[in-house]
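# A look at the structure
Letter by letter, the chains look like this.
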Amino acid sequence: MEIKNVELFNNILSFNNEVLYYQIRELEAKIKELKSENRSLKSDIDYLECQNKVLRINNENLESDIMDYKERIKHISQVLVE
């Protein structure tokens, strides 16, 4: 009778081991997928940050150009008045 209990216990442990092994494999696959998505998101974020820097620089250049044009118009207006 005791041998059957040991065999049953071993079978239960073996089954639990297989279930745990399967669950571990599933989790490892999910982790791999999440890491891949994370790399993709990081790449997208890096690209958007770069675009943001370019837009800021363009905006600063535009503001500078506008100031230059305003100064030129002011100067021309003063010259024409005189």
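Use the structure listed above.
Residues numbered from 1 in each chain as written. Predicted model: local features only at pLDDT ≥ 70, side-chain atom pairs only at ≥ 80, totals over all residues. Heavy atoms only, no water.

## Examining the overall build of the protein chain
Selection criterion: Helix and strand definitions follow DSSP, with helices as H or I runs of at least four residues and strands as E runs of at least two, each counted in order from the N terminus. Atoms counted for the radius of gyration: C-alpha only. Globule rule: 2.2 Å times the number of residues to the power 0.38. Only protein chains enter the accessibility calculation, which uses a 1.4 Å probe. A residue is then buried if its area is under 20% of the maximum for its type, exposed if over 50%, and partly exposed in between. Every accessible area reported is derived by Shrake-Rupley at a probe size of 1.4 Å, with residue values counting cover from the shown protein chains alone. We count Lys and Arg on the positive side and Asp and Glu on the negative side, and we leave His and both chain ends out. One atom stands in for each charge, and that atom is NZ of Lys, CZ of Arg, CG of Asp or CD of Glu.
The helix and strand tally for the protein chain stands at one helix and zero strands. Relative to its length of 82 residues, the protein chain is extended, with a C-alpha radius of gyration of 35 Å against a globular reference of 12 Å. The principal-axis extent of the C-alpha atoms belonging to the protein chain is close to 120 × 15 × 5 Å. Buried residues in the protein chain amount to 0% of all 82 residues. Carbon together with sulfur atoms contributes 59% to the accessible area of the protein chain, which is approximately 8300 Å² in total. On the protein chain, the mean spot of the 12 positive side-chain charges and the mean spot of the 16 negative ones are 1 Å from each other.

## Side note on the environment of Asn16
With respect to the helices and strands, the residue Asn16 is situated in helix α1 (residues 2-81). Sequence separation between Asn16 and Val81 is 65 residues, and the spatial gap between their C-alpha atoms is 95 Å.

## Details of the pattern of salt bridges
As a reminder of what qualifies: Salt bridges are defined by distance alone: a side-chain nitrogen of Lys or Arg within 4 Å of a carboxyl oxygen of Asp or Glu.
Tallying each qualifying case throughout the model produces two salt bridges. Between Arg25 and Glu28 there is a salt bridge whose closest N-O contact spans 2.7 Å. Of this pair, Arg25 and Glu28 both sit in helix α1, separated by three residues, roughly a single helical turn. In this structure, the salt-bridge partner of Lys42 is Asp46, at a minimum N-O distance of 3.3 Å. Of this pair, Lys42 and Asp46 both sit in helix α1, four residues apart, which is roughly one turn of the helix.

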